[in-house]
Amino acid sequence: MTCLILKKHFTEITVLPASGISWDGLFLNFDAGFDAENLRSKTLELRLITNIAHNKRNSDTDNDHCFNGQLYKKRYAIERTNAYLIA
């Protein structure tokens, strides 16, 4: 299910440049559940700014090259605010 949702959102994102909307500076923040090599590769290919928490269960290799701890800590406040605005 998560893969289908991600695929849908990436399809939506990739139409932005064709519509004349730049994605320069587009920032995506993922929790550890989304830590996967194919997601990191796709976001790098699209030149999107990402913050992906490392999931220790996926590999022994630390993938901190896509992670900023300070931004990740602020993620919860951002998600909580967005949920409040949507409600």
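Cut-offs and rules
Along each chain, residue indices are assigned from 1 in the same order as the chain's sequence is written. Per-residue local features are limited, in this predicted model, to residues with pLDDT of at least 70; the limit for side-chain atom pairs, both in listing and counting, is 80 or more; totals at the level of whole chains, interfaces and linings are taken over all residues. The side-chain figures draw on all heavy atoms in the structure; neither hydrogens nor water molecules are used. Every residue carries a pLDDT, the predictor's confidence in it, which falls somewhere between 0 and 100. Each helix is a run of H or I in the DSSP string that is no shorter than four residues. Each strand is a run of E no shorter than two, and both are numbered from the N terminus. Under the rule applied, a polar contact is a pair of N or O atoms within 3.5 Å (in protein, one hydrogen donor and one hydrogen acceptor; residues adjacent in sequence only if both atoms are side-chain atoms). Using a 1.4 Å probe on the protein chains alone, a residue whose accessible area is under 20% of its type maximum counts as buried, one over 50% counts as exposed, and one in between counts as partly exposed. Looking down the strands as they point away from the viewer, one classifies a crossover as right-handed if the path from the first strand across the helix to the second runs clockwise. We treat two strands as partners when DSSP finds at least two bridges between them. By this rule, a helix spans an expected 1.5 Å times one less than how many residues it contains. The bend reported for a residue corresponds to the angle between axes fitted to the seven residues ending at that residue and the seven starting there. The directions considered for the arc run from the helix axis to the C-beta atoms. Here the nonpolar core consists of buried residues drawn from Ala, Val, Leu, Ile, Met, Phe, Trp, Tyr and Cys, with membership extended through side-chain atoms lying within 4.5 Å. A contact between two residues is defined here by any heavy atoms of the two lying within 4.5 Å. Two rings from Phe, Tyr or Trp (for Trp, the six-membered ring) form a pair when their centres sit within 6.5 Å of each other. Planes less than 30 degrees apart are called stacked, planes more than 60 degrees apart edge-to-face, and all others tilted.

Pulling in residues and values, what's your account of the confidence of the model for the protein chain?
For the protein chain, the average pLDDT comes to 78, and 85% of its residues sit at 70 or higher. Per-element confidence in the protein chain ranges from a low mean pLDDT of 72 for helix α1 (residues 2-14) to a high of 83 for helix α3 (residues 69-86).

Before we move on, can you summarise the side chain of Thr 43 with the specific residues and values?
Relative to the assigned elements, Thr 43 resides in helix α2 (residues 37-45). There is a polar contact of 3.0 Å between the side chain of Thr 43 and the backbone oxygen of Arg 40.

Can you tell me about the pairing of strand β1 (residues 27-30), naming the residues and giving the values?
Every regular strand shows the same layout, with side chains that alternate between the two sheet faces. Side-chain alternation along β1 places Leu 28 and Phe 30 on a buried face and Phe 27 and Asn 29 on a face that remains uncovered. Taken together, β1, α2 and strand β2 (residues 49-52) form a β-α-β motif whose crossover is right-handed.

Would you mind going over the pairing of β2 in detail, with residue names and values included?
Pairing between β1 and β2: 4 bridges, direction parallel. Note that in β2 the partner of Phe 27 across the bridge is Ile 49.

Before we move on, can you summarise α3 with the specific residues and values?
Over its 18 residues, α3 extends 26 Å from the first C-alpha to the last, a length consistent with the 26 Å expected when each residue adds 1.5 Å. Arg 75 marks where α3 bends most, by close to 30°.

Outline α2, listing residues and values.
The set of residues buried in α2 consists of Leu 39, Arg 40 and Thr 43. Projected onto a plane normal to the axis of α2, the buried residues spread over an arc of 100° and lie on a single side. Facing away from the buried side of α2 by more than 90 degrees, the exposed set consists of Glu 37, Asn 38 and Glu 45. Among the residues trailing α2, Arg 47 stands out with phi positive, at a value near 60°.

Hey, could you go over unusual backbone geometry for me, with residue numbers and the actual values?
Unusually for a residue other than glycine, Arg 47 sits at a positive phi of about 60°. Secondary-structure assignment places Arg 47 in the loop between α2 and β2.

Which residues make up the nonpolar core, and what values go with them?
Leu 6, Phe 10, Ile 13, Trp 23, Leu 28, Phe 30, Leu 39, Leu 46, Leu 48 and Ile 52 together form the largest nonpolar core, which totals 10 residues. Per-element tally for this core: the top contributor is α1, with 3 residues. In this structure, Leu 6 is in contact with Phe 30 and Phe 34, ignoring residues within four places of it in sequence.

Could you give me a rundown of the packing of aromatic side chains, with the residues and numbers involved?
A complete count under the given rule lists 1 aromatic pair for this structure. Ring centres of Phe 30 and Phe 34 lie 5.6 Å apart, and the angle between their planes is 50°; on these two criteria the pair is classed as tilted. Owing to a relative accessible area of 9%, Phe 30 belongs among the buried residues under this scheme. Given a relative accessible area of 26%, Phe 34 falls into the partly exposed group.

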